Number of protein chains: 2
Amino acid sequence: MKETKHIAIVGAGLVGSLLSIYLAKRGYRVSVYERRLDMRKHLIEGGRSINLALSNRGIRALEAVGLAEVLRQNAIPMHGRMIHDETGNLNFQPYGKTGQFINSVSRGGLNMVLMTEAEKHGVEFFFEHRCLGVDFAKTELTLQEYEAVKHKSFDLIIGSDGAFSAVRGAMQFTDRFEYHQTYIEHGYKELRIPASDSGDYLLEPNALHIWPRESYMLIALPNPDRTFTCTLFLPFEGPSSFEQLNSKEAIQDFFEKNFADAVPMMPTLQEDFRDNATASLVTIRCYPWVRNKTLLIGDASHGIVPFFGQGMNAGFEDCRVLNELLDKHDDKWKKVLPEFQELRKPDADAIAQLALDNFIEMRDLVADEDFILRKKIEARLHERFPDKWIPLYTMVTFRDDLRYSYALETGRKQKAIMDEVLRRPGIVKNWETINLEEIVNKL
Amino acid sequence: MKETKHIAIVGAGLVGSLLSIYLAKRGYRVSVYERRLDMRKHLIEGGRSINLALSNRGIRALEAVGLAEVLRQNAIPMHGRMIHDETGNLNFQPYGKTGQFINSVSRGGLNMVLMTEAEKHGVEFFFEHRCLGVDFAKTELTLQEYEAVKHKSFDLIIGSDGAFSAVRGAMQFTDRFEYHQTYIEHGYKELRIPASDSGDYLLEPNALHIWPRESYMLIALPNPDRTFTCTLFLPFEGPSSFEQLNSKEAIQDFFEKNFADAVPMMPTLQEDFRDNATASLVTIRCYPWVRNKTLLIGDASHGIVPFFGQGMNAGFEDCRVLNELLDKHDDKWKKVLPEFQELRKPDADAIAQLALDNFIEMRDLVADEDFILRKKIEARLHERFPDKWIPLYTMVTFRDDLRYSYALETGRKQKAIMDEVLRRPGIVKNWETINLEEIVNKL
């Protein structure tokens, strides 16, 4: 007989919806409270990215509830980065070995599949219910539905309500709660590349397109309807910034100067630029994630920037790890909750850092000679010593058996070794004949 | 004619009350909203330190509104630190030169004087008014008085509502608001040393007493009623911690072992320990401090730990600096607000760091031979070159003409120089004959 019977989940986003399936399958009564309307019945306003990169960690978490295959069918594989330089030249950089790829999926589509699946398992969704507060002693939510405010108590509350979590907001006022929210100087704006007149993709669909321009970048991910969603990442202020793009002419000039090959594919550039919000990019770090019988999960406990494509994957991995701990401790939440936060916090911190680091790589280094040589040598090392030298991108994206904290730590060691290798005289010419074994043994 | 006429101040603590006087004297209509009861009519529950160290920055800010003399009469000068070692030996370390001292003042007493003075200048206080929210576009407060919620708009709102500021809480949900709250591993608990049977001080009154024990410490500050307020700073968890002091025996043993000379002076140790809360110690950093026509000030914008005795002094200095900017810009708040935050933020960050650093000095170094020698050499340097080598403690505490950020930076340079001096062979013996000019010229 389980002590915990009725679980409230706050937030019906990707993580909350997947978690509700996991918990319902374990036999819990699960009620999900969502501030917004049911996106299956209403068109929900934007403000979040339209498509996301689903990779191995996310897929593994979906497999455990039998959903990986369904989603794979609606995903578009991206096998590498397609770099667009200033003159329009293309350079394809594979993400890993043949067969290793990430997947462009629709955020909304995935969310709806998860909610519908959850309902099949008996999960109840309550939309237009805003969490106003949490009583951690009573495990009680204060919920607002239209003008009515009600209090409901549960055996357990889980806050999966995102980077601006109301559950965490309540926790922040409990004693000794460490909390950090920090923004990068860049914002982002979503733009669009439509399908061609004949209904085809205007760019190679099986790649993530990047126009790296050092202090800023444009990227594009494919959608099943043959369009691409582009995202411009640009500082809010400064010489090249959103602040400067304050007229149609300034926008047009900026795009023609920097993304000349993309401009002819963006007929609605001006309208998209005007209509779509410029959004900010936050990193959230906090601790503890547990107060009494209330737990934070996903972005609510570790909001990260999107540059490693790991936000959703990390949140899904949270669900998988939590489920494994429930197996291990026979659903004894008193053991599971502290162990979950202790186990998972270093990994959350690691992916937050990796995501920040990868922005520099994407916007700056991918077009850099030194970086390309480094990647070539690392690919050789991995080919020759597949278990000993695993490139950082591979560890994070394709190796769901390795923890993020391990990936960060190992990646730092690799970087120090490679820094030394790249300082060697003549390396540009003789890199194909260097002693790989000697390098791998430094690790 | 001033554009800004009616100013709301949220929080009638020390900073809010002083600020209200400054603004009323400039001709503004000032309304102060305070969550708690009027402390002049009701006994307010504790949770905050009973006495505080008022030093030059605070005094200067009080002088500008004609209150320094009144307060000096109710203050007890503390000329230095009285160090109590494990065996009960005393060692007095002066804070500065003769005539340089800090002042033990009653938090409540000072607050009441400021409120009463403010009312003389026409400031209106509204007690039992809780700030529920702020509309930054409308410069509007949502205020709760008992069961009634009302909205009131102003020309300007200033949040001086402390480390757990409700005004800042609202600001935190505005875009790109940097916010960090971080706790040290130590908590504190206030205890008491009464007057002697004959009504005298049981310890030297003109000193700040410290029992430094490396990972923790006890301190005592004198009160006008001949008692001392003691504060125990101790980790929450670990081998020597509040967690371990879970029985009368454990408390008694701990005090007898560590503070043997204090125990006979603490007849209510057990009751005080049981009745007084163990409080935590937070540092708050945020930015910006201004949203439209709402400003944060004092602990609301820069909550710091108490180890440099500068929390109140920094908040009072905020008021003085703001007032000077109003003079400079002829009360044009549009110029004053951005300039205030840009000017003051580096100083707030500096005193936050200095306060954290000084905890290590107080609990650990003041009893250290190396530290004492360092202080002796620095005193010589200051004596010989009074304008060139000013000890860090003096810059922070007695030199209200020097910014905190200057003190931090100069203190770091001094530390690097002194580290080298103390590594010199034979320094313990020959310190009185070293070349002071050579040292000062390194700065």
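Relevant structure appears above.
Note that the structure is a prediction, hence the values are computed from the model and not measured. (Residues numbered from 1 in each chain as written. Chains lettered and ligands numbered in written order. Predicted model: local features only at pLDDT ≥ 70, side-chain atom pairs only at ≥ 80, totals over all residues. Heavy atoms only, no water.)

Remarks on the overall build of chain A
And step 1. Across its full length, chain A carries 15 helices and 19 strands.
And step 2. The C-alpha atoms of chain A give a radius of gyration of 23 Å, which matches the 22 Å a tight globule of 443 residues would have.
And step 3. The dimensions of chain A, computed from C-alpha atoms along their principal axes, are 70 × 55 × 40 Å.
And step 4. A total of 443 residues make up chain A; the buried ones form 56% of that total.
And step 5. Pairs at least 24 apart in sequence give 70% of the contacts found in chain A among residues at least 6 apart. (Helix = DSSP H or I, 4+ residues; strand = E, 2+ residues; numbered from the N terminus. Rg over C-alpha atoms; globule rule 2.2 N^0.38 Å. Buried < 20%, exposed > 50% of the residue type's maximum accessible area, 1.4 Å probe, protein only. Contact = heavy atoms within 4.5 Å.)

Some points on empty space enclosed by the protein
All names here are of chain A.
And step 1. Tallying each qualifying case throughout the model produces one cavity of 30 Å³ or more.
And step 2. Each pocket or cavity is described by its volume, and for the largest cavity that value is around 40 Å³.
And step 3. Leu-54, Ile-59, Leu-62, Ala-68, Leu-71, Arg-72, Ala-75 and Asn-103 together form the lining of the largest cavity.
And step 4. For the lining of the largest cavity, the secondary structure elements donating two or more residues are helix H2 (56–63) and helix H3 (68–73).
And step 5. Among the elements that line the lining of the largest cavity, the one with the most residues is H3, at three residues.
And step 6. A per-class count over the lining of the largest cavity returns six nonpolar, one polar and one charged. (1 Å grid on protein atoms, 1.4 Å probe; cavity = no way out; pocket = protein on both sides within 12 Å on 5 of 7 lines; lining within 4 Å. Points joined across faces, edges and corners; volume = space filled by probe spheres on them. Nonpolar A, V, L, I, M, F, W, Y, C, P; charged D, E, K, R; others polar.)

A few points about the sheet that holds strand S11 (residues 148–153) of chain A
Residues and elements named next belong to chain A.
And step 1. An order of S9-S10-S11 is seen for the three strands of this open sheet, with the pairing classed as antiparallel. One side of each edge strand has no neighbouring strand; the edge strands of this open sheet are strand S9 (129–135) and S11. With direction set aside, neighbouring strand axes in the sheet form an average angle of 25°.
And step 2. One ladder, built from six bridges, connects strand S10 (residues 140–145) with S11; its direction is antiparallel. Looking across to S11, one finds that Leu-141 is bridged to Lys-152. (Pairing = 2+ DSSP bridges. Axes fitted to C-alpha atoms, helices over the stretch in contact; angles between N-to-C directions.)

Structural notes on the interface of chain A and chain B
And step 1. Contact residues are listed per partner, giving 17 residues for chain A and 17 residues for chain B.
And step 2. Carbon and sulfur atoms supply 39% of the area that chain A and chain B bury against each other, a total of about 1700 Å² over both sides.
And step 3. For chain A, the biggest contributors to the area lost against chain B are Arg176(A), Gln181(A) and Tyr183(A); these three give 36% of the whole.
And step 4. For the pair chain A and chain B, the interface holds two salt bridges.
And step 5. Taken together, the connections running from chain A to chain B amount to 16 residue pairs in polar contact (both at pLDDT 80 or more).
And step 6. Here the residues of the side of chain A that touches chain B are counted per class, giving six nonpolar, six polar and five charged.
And step 7. Alignment of strand S13 (residues 178–193) of chain A against strand S13 (residues 178–193) of chain B, held across three bridges, turns out to be antiparallel. Opposite Gln181(A), over in S13(B), you have Tyr179(B) as the bridge partner. (Buried area = accessible area lost by both parts, 1.4 Å probe. Salt bridge = Lys/Arg side-chain N within 4 Å of Asp/Glu carboxyl O. Polar contact = N/O pair within 3.5 Å; in protein donor to acceptor, adjacent residues only side chain to side chain.)

Some points on the sheet that holds strand S8 (residues 124–126) of chain A
Residues and elements named next belong to chain A.
And step 1. Judged by pairing direction, the sheet is mixed, and its six strands sit side by side in the order S8-S2-S1-S12-S19-S18 without closing on themselves. Edge positions in the sheet fall to S8 and strand S18 (290–291), since each of these pairs with one other strand and no more.
And step 2. Pairing of strand S12 (residues 156–159) with strand S19 (residues 294–296) involves three bridges; the strand directions are parallel. By the bridge assignment, Ile-157 is partnered in S19 with Thr-294.
And step 3. Those strands touched by helix H1 (residues 14–25) are strand S1 (6–10), strand S2 (29–33), S8 and S12, and its axis lies near 170° from that of S1.

Comments concerning the relation of the copies chain A and chain B
And step 1. Placing chain A over chain B gives an RMSD of 0.0 Å and needs a rotation angle of 180°, together with 0.0 Å of translation along the axis. The transformation relating the two chain copies, once decomposed into turn and shift, fits a two-fold axis. Closest approach to the rotation axis within chain A is made by the C-alpha atom of His180(A), at a distance of 2.2 Å.
And step 2. Counting the interface residues of chain A, we find that 100% of their copies in chain B are interface residues as well, pointing to one common contact surface. (Least-squares fit on C-alpha atoms with pLDDT ≥ 70 in both.)

Focus: the pattern of salt bridges
Residues and elements named next belong to chain A.
And step 1. By the definition in use, this model includes 70 salt bridges over all chains.
And step 2. A salt bridge links Glu-69 to Arg-72, with the nearest nitrogen and oxygen atoms 3.5 Å apart. Taken together, the positions of Glu-69 and Arg-72, both in helix H3 and three residues apart, correspond to about one turn of that helix.
And step 3. Accessibility expressed as a relative area gives 40% for Arg-72, which makes it partly exposed.
And step 4. For Glu-324, the salt bridge goes to Arg-320, with nearest N and O atoms at 3.2 Å. Linking Glu-324 with Arg-320, this pair stays in helix H9 (residues 311–328), spanning four residues, or about one helical turn.
And step 5. Accessibility expressed as a relative area gives 10% for Arg-320, which makes it buried.

Points about helix H13 (residues 404–423) of chain B
And step 1. If you check H13(B), its first and last C-alpha atoms are 28 Å apart, about what 20 residues at 1.5 Å a residue would give, namely 28 Å.
And step 2. Within H13(B) the residues assigned to the buried category are Tyr404(B), Ala407(B), Leu408(B), Thr410(B), Gly411(B), Gln414(B), Ile417(B), Met418(B), Val421(B) and Leu422(B). (Expected span 1.5 Å × (residues − 1).)

A closer look at the side chain of Ser55(B)
Residues and elements named next belong to chain B.
And step 1. Note that Ser-55 resides in the loop between strand S3 (51–54) and helix H2 (56–63).
And step 2. Within the local environment of Ser-55, its side chain forms a polar contact with the side chain of Gln-310, the two groups lying 3.0 Å apart.
And step 3. Apart from residues lying up to four places away in sequence, Ser-55 is in contact with Ile-102, Gln-310, Asn-313 and Thr-397.

Observations concerning the side chain of Asp38(B)
Residue and element names in this part refer to chain B.
And step 1. Within the secondary structure, Asp-38 is located in the loop between strand S2 (29–33) and S3.
And step 2. Engagement of the side chain of Asp-38 in a polar contact is seen with the backbone nitrogen of Arg-40, the distance being 2.9 Å.
And step 3. Each residue touching Asp-38, except ones within four places of it in the same chain, is listed here: Met-115 and Phe-127.

Structural notes on the environment of Ile44(B)
All names here are of chain B.
And step 1. Here Ile-44 is to be found in the loop between S2 and S3.
And step 2. Residue Ile-44 is classed as partly exposed on the basis of its relative accessible area, which comes to 22%.
And step 3. Each C-alpha atom, one on Ile-44 and one on Gly-27, is 31 Å from the other, the two residues being 17 residues apart in sequence.
And step 4. If sequence neighbours within four positions are ignored, Ile-44 has contacts with Arg-36, Leu-37 and Met-39.

A look at the packing of aromatic side chains
And step 1. Applying the stated rule across the entire model yields 45 aromatic pairs over all chains.
And step 2. The interplanar angle of 55° and the centroid separation of 6.1 Å between the aromatic rings of Trp289(B) and Phe340(B) together place this pair among those described as tilted. Placement of the pair is Trp289(B) in the loop between strand S17 (279–287) and strand S18 (290–291) and Phe340(B) in helix H10 (residues 333–363), with a sequence separation of 51 residues. The exposure classification of Trp289(B) matches that of Phe340(B), with both residues buried.
And step 3. Three or more aromatic residues link up through ring pairs in this structure, and these residues are Tyr216(A), Phe236(A), Phe242(A), Phe254(A), Phe255(A), Phe259(A) and Phe273(A).
And step 4. A cation over a ring is seen here: Arg40(B) above Phe125(B), with NZ or CZ 5.9 Å from the ring centre.
And step 5. One Lys or Arg, Lys189(B), reaches over the ring of Phe273(B) and ends 4.7 Å from the middle of that ring. (Phe/Tyr/Trp six-rings, centres within 6.5 Å; stacked < 30°, edge-to-face > 60°. Lys NZ or Arg CZ within 6 Å of the ring centre and 35° of its normal.)

Remember that the coordinates give geometry; whether it matters functionally is a separate question.
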